[in-house]
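Each chain, written out:
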Amino acid sequence: MKALYVPLTLLAAILAFSLWAGRYVDQRTEETVALLERAGEAGLQEDWEAAAESLTQASTVWEARQNFFHTILKHDELDEAESLFAGAEAACRETDQEEFHILLAQLVSQLEHLAETQAVNLRNIL
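To start, this report covers the structure provided alongside it. As the structure is a prediction and not an experimental result, all values here were calculated from the model.

**Some words on the pattern of salt bridges**
- Counted by the stated rule, this structure contains two salt bridges.
- In this structure, Arg 23 engages Asp 26 in a salt bridge whose closest nitrogen and oxygen atoms are separated by 2.7 Å. Highlighted residues: Arg 23 and Asp 26, both in helix α1 (residues 5-44), separated by three residues, approximately one helical turn.
- Asp 26 gets classed as partly exposed once you look at its relative accessible area, which sits at 26%.
- Here Glu 31 ties to Arg 28 by a salt bridge, and the two come within 3.0 Å at their closest N and O atoms. In this pair, Glu 31 and Arg 28 are both assigned in helix α1, three residues apart and thus about one turn of the helix distant.
- The exposure class assigned to Glu 31 is partly exposed, which follows from its relative accessible area of 32%.
- The class of Arg 28 is buried, set by a relative accessible area of 15%.

**What about helix α2 (residues 48-64)?**
- Taking 1.5 Å per residue as the helical rise, α2 with its 17 residues ought to reach 24 Å, and the 24 Å between its terminal C-alpha atoms agrees with that figure.
- For α2, the full list of buried residues reads Trp 48, Ala 51, Ser 54, Leu 55, Ala 58, Ser 59, Val 61 and Trp 62. Along the axis of α2, the buried residues cluster in a sector spanning 160 degrees; they form a single face. Facing away from the buried side of α2 by over 90 degrees, the exposed positions are Glu 49, Glu 53, Thr 60 and Ala 64.

Quick notes on the rules
- Residues numbered from 1 in each chain as written.
- Predicted model: local features only at pLDDT ≥ 70, side-chain atom pairs only at ≥ 80, totals over all residues.
- Heavy atoms only, no water.
- Salt bridge = Lys/Arg side-chain N within 4 Å of Asp/Glu carboxyl O.
- Helix = DSSP H or I, 4+ residues; strand = E, 2+ residues; numbered from the N terminus.
- Buried < 20%, exposed > 50% of the residue type's maximum accessible area, 1.4 Å probe, protein only.
- Expected span 1.5 Å × (residues − 1).
- Arc of directions from axis to C-beta.

Note that all results are geometric; they support no functional claim without further evidence.
This is the structure we're talking about:
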């Protein structure tokens, strides 16, 4: 019986970390998406200064977590999000409303996909 303590403790620790990491990614994604939605609303009103400010805040929030995200998420998917951030920032600077909203939608979709990959559900387990 004592021989099972170490493996069970290790499994419990791995499970706890996995649950925590999934929730952490989900929370950071929700925070970033809220800022991106605010940027999109400002873009619709053609308030490009406010859109740029919200987009910069979203990028800063996302970038602050990159060291951790690179340890648990796929690098190519993170790189895609970074490319979409750069594209959205460029479209915002150019005040190209159509391109800006397309890139924001793609970025939100990519961030939500990243959070979904960390969720605890049957699709991810199996």
